[in-house]
Amino acid sequence: MWRNVIGIQMRAMSKSICVLFFFAVLTSFFPLPSSASDTVDVTDIRYWSFPEYTRVVINLTDHVKFSEKRLSSPDRLYFDLKNSRINTEMKNISVGNEMLKSVRAGQFDSSIVRIVLDLEKITDYKVLTLDDPARIVIDIYGQITFSVKKRIVLDPGHGGHDPGAVGRNNLYEKDVVLDIALKLRDILSGNQNYEIFLTRDKDVFIPLEERTAIANSKNADLFVSIHVNASPRSSAKGVETYMLNWTTDEEAMKVAARENAISLKKMRQMNEKEMDILDIIKNDLSRENKRDESIKLAHYIQNNLVRGLNRKHSHIVDLGVKQALFYVLFGAKMPSVLVEASFISNPLEEKLLSKDDYRRELAKSISAGITNYMSKSPEGQTVAGLKKNIAP
Ligand SMILES: [Zn+2]
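Note on numbering: residues in each chain are counted from 1, in written sequence order. This being a predicted model, a pLDDT of at least 70 is required before a residue's local features are given, and a value of 80 or more before pairs of side-chain atoms are given or counted; all residues contribute to the totals for chains, interfaces and linings.

Undergrad: I would appreciate a short explanation of the sheet that holds strand 16 (residues 194–198) in the present structure.
TA: One key point about sheets: their strands pair by backbone hydrogen bonds, in either a parallel or an antiparallel sense. When DSSP finds two or more bridges between two strands, those strands count as paired. Secondary structure follows DSSP: runs of H or I at least 4 residues long count as helices, runs of E at least 2 residues long count as strands, and numbering of each begins at the N terminus. Across the sheet, six strands lie side by side as 16-15-17-20-18-19; this open sheet has mixed pairing. This sheet does not close on itself; its edge strands, each paired only once, are strand 16 and strand 19 (318–324). Geometrically, the sheet is characterised by an average inter-axis angle of 20 degrees between neighbouring strands, direction not taken into account. Pairing between strand 15 (residues 150–156) and strand 17 (residues 222–229): five bridges, direction parallel. Across the sheet, residue Ile 152 finds its bridge partner in strand 17, namely Leu 222. Residue pairs qualify as contacts under a 7 Å threshold applied to their C-beta atoms, which are placed from the backbone. An axis is simply a line fitted to the C-alpha atoms; with a helix, the fit covers only the stretch in contact. Between two such axes, the angle follows the N-to-C directions and lies from 0 to 180 degrees. Running over the sheet, helix 3 (residues 250–260) touches strand 17, strand 19 and strand 20 (336–343) and is turned about 65 degrees from strand 19. Across the face of the sheet, helix 6 (residues 290–310) comes into contact with strand 17, strand 18 (239–244), strand 19 and strand 20 while running at roughly 175 degrees to strand 18.

Undergrad: Whenever I open this one, helix 6 confuses me. Can you help?
TA: In an α-helix, one turn spans 3.6 residues; hence positions three or four apart end up facing the same way. Under the convention used throughout, the expected extent of a helix is 1.5 Å for every residue step, that is, one less than its residue count. If you check helix 6, its first and last C-alpha atoms are 30 Å apart, about what 21 residues at 1.5 Å a residue would give, namely 30 Å. Burial is judged by counting other C-beta atoms within 10 Å of a residue's own C-beta: 20 or more means buried, 12 or fewer means exposed, and anything between counts as partly exposed, with every C-beta placed from the backbone. Here helix 6 has its buried residues at Glu 293, Ser 294, Leu 297, Ala 298, Tyr 300, Ile 301, Gln 302, Asn 304, Leu 305, Gly 308 and Leu 309. For helix 6, the secondary structure elements touched by its buried residues are strand 17, strand 18, strand 19, strand 20 and helix 8 (356–376).

Undergrad: For this particular structure, what's the right way to read the environment of Tyr 327?
TA: Inspection of the secondary structure puts Tyr 327 in the loop between strand 19 and strand 20. Apart from the residues lying within four places of it in its own chain, the contact partners of Tyr 327 are Leu 208, Glu 209 and Asn 260.

Undergrad: Mind showing me how you'd approach the sheet that holds strand 10 (residues 91–94) here?
TA: Pairing is antiparallel in the open sheet, where five strands are placed in the order 7-8-12-11-10. In this open sheet, the two strands that pair with only one neighbour each are strand 7 (66–71) and strand 10. Each strand axis lies, on average, 15 degrees off the axis of its neighbour in the sheet, ignoring direction. As paired strands, strand 10 and strand 11 (residues 100–109) are joined by four bridges and run antiparallel to one another.

Undergrad: I keep staring at the packing of helix 6 against helix 8 and nothing clicks. Help me out?
TA: Between two packed helices, the angle of one axis relative to the other and the distance separating the axes together describe the packing. Remark: helix 6 packs on helix 8, axes separated minimally by 8 Å, with the N-to-C direction vectors making an angle of 140 degrees. Overall, the two elements helix 6 and helix 8 adopt an arrangement that is oblique. At the point where helix 6 passes helix 8, the crossing takes the right-handed sense. Contacts between helix 6 and helix 8 involve Lys 296, Leu 297, Tyr 300, Ile 301, Asn 303, Asn 304, Leu 305, Gly 308 and Leu 309 on the former and, on the latter, Glu 361, Lys 364, Ser 365, Ile 366, Ala 368, Gly 369, Ile 370, Asn 372 and Tyr 373. Residues are grouped as follows: Ala, Val, Leu, Ile, Met, Phe, Trp, Tyr, Cys and Pro are nonpolar; Asp, Glu, Lys and Arg are charged; all remaining types, including Gly, are polar. Its residues assigned to classes, the contact of helix 6 with helix 8 comprises nine nonpolar, six polar and three charged. For classification purposes, angles smaller than 35 degrees are called roughly parallel, those larger than 145 roughly antiparallel, those between 65 and 115 roughly perpendicular, and all remaining angles oblique. By convention the crossing between two helices is left-handed if the near helix lies anticlockwise of the far one by an angle smaller than a right angle, and right-handed if it lies clockwise.

Undergrad: Before we go on, may I ask you to explain the pairing of strand 7 in this structure?
TA: Regular strands place side chains that alternate from one sheet face to the opposite one. Judged from the six bridges that link them, strand 7 and strand 8 (residues 76–81) form a sheet pairing that is antiparallel. Looking across to strand 8, one finds that Leu 71 is bridged to Arg 76.

Undergrad: Could you clarify how one ought to interpret the environment of Glu 250 in this entry?
TA: Within the secondary structure, Glu 250 sits in helix 3. Spatially, the C-alpha atom of Glu 250 lies 9.9 Å from that of Met 267, the residues being 17 residues apart in sequence.

Undergrad: I would appreciate a short explanation of the packing of helix 1 (residues 173–189) against helix 8 in the present structure.
TA: Two elements in contact, helix 1 and helix 8, have axes separated by 8 Å at closest approach and are oriented at 50 degrees. Overall, the two elements helix 1 and helix 8 adopt an arrangement that is oblique. The hand of the helix 1/helix 8 crossing is right-handed. Residues Val 176, Asp 179, Ile 180, Lys 183, Leu 184, Ile 187 and Leu 188 of helix 1 form the contact with helix 8, whose participating residues are Arg 359, Arg 360, Leu 362, Ala 363, Lys 364, Ile 366, Ser 367 and Ile 370. Per-class residue counts for the contact of helix 1 with helix 8 are nine nonpolar, one polar and five charged.

Undergrad: I would appreciate a short explanation of helix 8 in the present structure.
TA: Here helix 8 is 21 residues long and its end C-alpha atoms lie 30 Å apart, about the 30 Å a rise of 1.5 Å per residue gives. Among all positions of helix 8, only Tyr 358, Arg 359, Glu 361, Leu 362, Ala 363, Ser 365, Ile 366, Ser 367, Gly 369, Ile 370, Tyr 373 and Met 374 are buried. Looking at the buried residues of helix 8, the elements they touch are strand 15, helix 1, strand 17, helix 6, strand 20 and helix 7 (347–353).

In structure tokens form, the structure reads like this:
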């Protein structure tokens, strides 16, 4: 009776967080125990490499008593398994990540198998035993190096006593944009690299300056304010995306005046640099990279909106990326844009905006724009204070 075990396999973990490596420990044949001997065989040694920890699993034919010890210079952990055997000479499994250099296993003497973990830089380790099959699990913890988790604040405009623009068929901007933002949150939440916050998730009034303050207090990486447009000309239609800046464009000034709930006259004065607020804006625009990043973000969102909507609605007009002085974007410390997603004052677009699938299409397109932007923007710093997400 001879047994031959070869164990090299690779499997993808369910959430593709990591790749599971199986290593050949037993690569030649040896006799099975001839009786109910209490000698235990080490049948396999495997490891899983995660960003924040490395798991080493030692498979056995039965439970064993073992001792463990940590030694320094070089830093290593070893485990002596009593009444055990392993068929190979000391075997070196190279791991080579930030926590673990390698795992070595071998027959220390006639009844002890010694497993040595050559450590790199670890913060802690834990050992547990499991059944079916009997195995020893060693978790080695390193510094938490999560991939960057981006915080996105979505801001559905208006709310409560402020309906925003109102369509001819009595459709309210505040209701449309809330629904789009909720749909957008659901879509973006599917990406585990994002943390999504809303300035409001129900029909309440939030002052404009408070919305930006929410984004700043959340330390957000992006701020996206969602609105729908209105014009006295019922033929006006299309989508446009704004960033904060001075403008000489009369139409852009009108949009900002409406969203700021101020007169066009006051809006013009602001653009003529007659307002105290200008210092704040100057500060804002000089913030490192913010202006460039806002332009980039605006273009990704605008392009995806036009492309996404035109798949089903060929008449969507691309009004482009524009700039204007929106109160809601003042003082935002992160790239921030304001989306005007169709005209509620246009009968056809009001009808579309009243429909669930059009709102979903808007949310999907904005989401695609944000994701495109994120995938092209450079990685930021590691986010501190996140909980360890460790599989059982
Ligand atoms: Zn609005």
